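The chain contents come next:
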Amino acid sequence: MRLLLKSITRGPILYWGKRRMGGSGPFIPILGFASCVVFIYLSFGDLWPAYPVGPAWSFVQRNGTRFVLDGKPFYINGWNSYWLMDHSADYQRKHKASAMLEAGSKMGLTVCRTWAFNDGAHNALQVSPGRFEENVFRALDHVIAEAKAHKVRLLLSLVNNLKAYGGKDRYVKWAWEEGIGLSASNDSFFYDPSIKKYFKHYLQTMLTRKNTVTGVEYRNDPTIFAWELMNEPRCMTDPSGDTIQDWIEEMSAYVKSIDKNHLLTVGLEGFYGPKNPKRLTVNPADWAADLGSDFVSNSKVSHIDFASVHIYPDHWIAHRSFEDKLTFVSKWMLSHIEDGHHELNKPVLFTEFGLSNLNKDFQPSQRDWLYKTVYDIVYKSAKKKGAGGGALMWQLFVEDMDESNDDFGIVPWQRASTYKLITEQSCKLAKLRGAIEESQNLKELCLQKQ
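Throughout, residues of each chain are indexed from 1 in the direction in which the sequence is written. Two thresholds apply to this predicted model, a pLDDT of at least 70 for residue-level local features and 80 or more for giving and counting side-chain atom pairs, whereas whole-chain, interface and lining totals are computed over all residues. Only hydrogens and water are removed before side-chain values are computed, so all heavy atoms of the structure are retained for them.

Colleague: Got a minute to help me understand the packing of helix H5 (residues 94-106) against helix H6 (residues 134-149) in this structure?
Modeller: Packed helices, taken two at a time, are described by the angle between their axes plus the distance between the axes. Close contact between H5 and H6 brings their axes to 9 Å; oriented N to C, the two are set at 30 degrees. Overall, the two elements H5 and H6 adopt an arrangement that is roughly parallel. The two elements H5 and H6 meet at a crossing, and its hand is right-handed. In this structure, H5 uses Lys-94, Ser-98 and Leu-101 to contact H6, whose residues at the interface are His-142, Val-143, Glu-146 and Ala-147. Lys, Arg, Asp and Glu make up the charged group, whereas Ala, Val, Leu, Ile, Met, Phe, Trp, Tyr, Cys and Pro make up the nonpolar group; the residues left over, Gly among them, are polar. Split into classes, the residues belonging to the contact of H5 with H6 amount to three nonpolar, two polar and two charged. Structural elements are reduced to axes, namely lines fitted to C-alpha atoms, with helices fitted over the stretch in contact, and the angle between N-to-C directions of any two is expressed from 0 to 180 degrees. Secondary structure elements follow DSSP: runs of H or I no shorter than four residues count as helices, runs of E no shorter than two count as strands, and numbering proceeds from the N terminus. Angles below 35 degrees are treated as roughly parallel, those above 145 as roughly antiparallel, those between 65 and 115 as roughly perpendicular, and all remaining angles as oblique. Crossing handedness: left-handed means the near helix sits turned counterclockwise from the far one by under a right angle, and right-handed means the same turn made clockwise. The contact criterion used is simple: two residues touch if any of their non-hydrogen atoms lie within 4.5 Å.

Colleague: I keep staring at a positive patch on the surface and nothing clicks. Help me out?
Modeller: Together, Lys-380, Lys-383, Lys-384, Lys-428 and Lys-431 give the surface a local cluster of positive charge. Broken down by secondary-structure element, the contributors of at least two residues to the positive patch are helix H14 (364-383) and helix H15 (416-433). Secondary-structure assignment places Lys-383 in helix H14. Note that patches include only residues with greater than 30% relative accessible area and no salt bridge, and the join distances are 9 Å for like charges and 5 Å for nonpolar side chains (Val, Leu, Ile, Met, Phe, Trp, Tyr). Residue burial considers only the protein chains on display, and all accessible areas are found by Shrake-Rupley using a 1.4 Å probe. Salt bridges are identified by distance alone: a Lys or Arg side-chain nitrogen within 4 Å of an Asp or Glu carboxyl oxygen. Note that His is not counted, nor are the chain ends; the positive residues are Lys and Arg, and the negative ones are Asp and Glu. All charge positions are set by atom: Lys at NZ, Arg at CZ, Asp at CG, Glu at CD.

Colleague: Please explain the pairing of strand S2 (residues 66-69) as it appears in this structure.
Modeller: Relative to S2, strand S1 (residues 61-63) is paired through three bridges, and the arrangement is antiparallel. Note on S2: the bridge partner recorded for Arg-62 is Phe-67. DSSP-based pairing: two strands are paired if at least 2 bridges between them are found. Hairpin geometry of S1 and S2 is characterised by an intervening segment of two residues between the two adjacent antiparallel strands and by a positive phi of about 65 degrees at Gly-64. Between S2 and strand S3 (residues 72-73), which pair antiparallel in sequence order, lie two residues; one of them, Asp-70, sits at a positive phi of approximately 55 degrees.

Colleague: Would you mind showing me how to read helix H9 (residues 242-258) here?
Modeller: Each full turn of the α-helix corresponds to 3.6 residues, which orients residues three or four apart in the same direction. Expected helix span is taken as 1.5 Å per residue step, with the number of steps being one fewer than the number of residues. If you check H9, its first and last C-alpha atoms are 25 Å apart, about what 17 residues at 1.5 Å a residue would give, namely 24 Å. Buried residues are those whose accessible area, probed at 1.4 Å on protein chains only, stays under 20% of the maximum for their type, while exposed residues exceed 50% and partly exposed ones sit between those limits. Turning to H9, its buried residues are Thr-243, Ile-244, Gln-245, Trp-247, Ile-248, Met-251, Ser-252, Val-255, Lys-256 and Ile-258. On its buried face, H9 is in contact with helix H8 (193-207), strand S10 (263-265) and helix H11 (295-299).

Colleague: What am I meant to see in the environment of Tyr-312 here?
Modeller: Secondary-structure assignment places Tyr-312 in the loop between strand S11 (307-311) and helix H12 (313-316). Considered as a pair, Tyr-312 and Leu-355 are 43 residues apart in the sequence and their alpha carbons are 6.7 Å apart. Setting aside residues no more than four positions away along its own chain, Tyr-312 makes contact with Glu-232, Glu-352, Phe-353, Gly-354, Trp-394 and Phe-408.

Colleague: Help me understand the sheet that holds strand S13 (residues 388-394), please; the structure alone is not making it clear to me.
Modeller: Hydrogen bonds along the backbone pair up the strands of a sheet, which may run parallel or antiparallel. Read from one edge to the other, the open sheet built from eight strands follows the order S10-S9-S8-S5-S4-S13-S12-S11, with strand pairing classed as parallel. Edge positions in the sheet fall to S10 and S11, since each of these pairs with one other strand and no more. In this sheet, adjacent strand axes meet at a mean angle of 25 degrees when their direction is disregarded. Along the sheet, H15 makes contact with strand S4 (76-80) and S13, crossing S4 at roughly 145 degrees.

Colleague: Mind showing me how you'd approach the pairing of strand S12 (residues 348-353) here?
Modeller: It is a general feature of regular strands that their side chains alternate between the two faces of the sheet. Here S12 lies mainly inside the structure; six of its six residues are buried. The sheet contact formed by S11 and S12 spans five bridges and is parallel. Bridging across to S12, Ser-308 finds its partner in Leu-349. Once you follow S12 into H14 and on to S13, the crossover reads as right-handed. The handedness of a crossover follows from its direction of travel: if, with the strands pointing away from the viewer, the path from the first strand over the helix to the second runs clockwise, the crossover is right-handed.

Colleague: How should I be thinking about the nonpolar core in this particular structure?
Modeller: Across soluble globular proteins, you tend to see nonpolar side chains buried next to one another. Residues Phe-189, Phe-199 and Met-206 are the most contacted members of the largest nonpolar core, which totals 103 residues. The greatest single-element share of this core, amounting to eight residues, is contributed by helix H13 (residues 322-344). Met-206 has contacts with Ala-116, Leu-125, Phe-137, Leu-140, Leu-158, Tyr-218 and Trp-227, leaving out every residue within four places of it along the chain. Membership of the second largest hydrophobic core comes to 13 residues, among which are Leu-69, Phe-74, Ala-226 and Leu-263. Put simply, a nonpolar core is a bunch of buried Ala, Val, Leu, Ile, Met, Phe, Trp, Tyr and Cys residues held in one set by side-chain atoms that sit within 4.5 Å of each other.

Colleague: Would you mind going over the packing of aromatic side chains with me for this structure?
Modeller: Between two aromatic rings, the relevant description is the distance of the centres plus the angle of the planes. Working definition: a ring pair exists when centres of Phe, Tyr or Trp rings (six-membered ring for Trp) sit within 6.5 Å. Plane angles under 30 degrees give stacked, over 60 give edge-to-face, the rest tilted. Tallied over the entire structure, the rule returns 35 aromatic pairs. Within the aromatic cluster, the residues linked to one another by ring pairs are Phe-132, Phe-137, Tyr-171, Trp-174, Phe-189, Phe-190, Phe-199, Tyr-202, Tyr-218 and Trp-247. Taking the ring centre of Trp-57 as reference, the NZ or CZ of Lys-148 above it sits at 5.2 Å. Only Lys NZ and Arg CZ are tested; either one counts as a charge over a ring when it is within 6 Å of the ring centre and within 35 degrees of the ring normal.

Colleague: Even after reading the chapter, I still don't get the pattern of salt bridges, so can you show me in this structure?
Modeller: Pairing between side chains becomes possible if they bear opposite charge and their charged atoms approach one another. Tallied over the full model, the rule gives 25 salt bridges. When the shortest N-O distance is used, the salt bridge between Glu-228 and Arg-113 registers 2.9 Å. Of the two residues, Glu-228 sits in strand S9 (residues 224-228) while Arg-113 sits in strand S5 (residues 111-115), which places them 115 residues apart along the sequence. Arg-113 carries the same exposure label as Glu-228, and that label is buried. Residues Lys-372 and Asp-376 are paired through a salt bridge, measuring 2.8 Å at the closest nitrogen-oxygen approach. One end of the pair is Lys-372 and the other is Asp-376, both in helix H14 and four residues apart, which spans about a single turn. Lys-372 gets classed as partly exposed once you look at its relative accessible area, which sits at 35%. Through salt bridges with shared partners, a single network forms among Glu-134, Arg-138, Asp-141 and Arg-209.

Take a look at the structure:
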């Protein structure tokens, strides 16, 4: 409808002006046309969103161990909603994505991590290598435009290590089906030249995409906080870590050759590899050193701007007591913040943390204790100007989304104590930055708490 209105105003209005310039009485047809336009707008204006044009945004950057925005530290209290593009591709569910971004903004949350991939699955973005579904790309355009409208930045993940939404397994199957794959192992994603060519084409298409809503290429849009190469990369066939290390170096350089504006991270879980002594003292168990990744060496790659870490104590040390799990979380986070400062000179962002409600002893209060533990460590690091850049909870939903939820998801306002923890963290971090007065949502949220 927006494009239709645009063509109408550029066509007939100019036509009438030129045709009637030498005659008399142009007012009646022009008035009739104007009335028609007004009728269309009043009747169908709600079919397209009106995105307000506000002050120009700057890109979030890195200065040593801290994120910075407009010369000031940028501390992140954020969340995961992996499903935003998928729901936006479905007209009946599209409003859920907008509602989630609006709700996140009202809670003072600054960054949302979400999938910018769907390879060969339902509502696929990439239907086959190099072939994209335009309607799904427009759904991602919508998500980015909505995020900007609600003053939320996006951390966009580019491929999945897991099979959900296609992932590396789908790339391997594509190559195998075309008779050019080196191996049926899904780890060949990291070293097969044909598959790497597929992925580079995808990266180039994504980074240079021109948003059909805003008209801005993705690589030039500061609404995007950062890119994430892969969600939870693992290469079980090469526990030495060399295969993933080579892949990170190659793909990060390729991304930066196209997009020099945005920050870039790997998407690691944070495990220490077989060559790192911390595998014995910090990893949750022996298996964690054999997954083909290493937090320090992977994050040291020159084109990687910040380190990413996940926190899932109930999955990693399921047999231990809840108190032991909280102790592990503290040790895990402090170790990685220490690495960010001493080994990497880069910020550390805890891009997923959560607690499953399927645990035998689960109580909702336990989730609050986990959130509080994570938030307190991030805040203390920020207060001391440390490398702890923020944390993103896994994951948030709005009401009536059971079909997309998992055992970690929450609707935050349904539990007052959880909502209070989240919003208090937003206010504490905004106050450190001196940013409360910059946002109406933060003013309403934080000033009433004082």
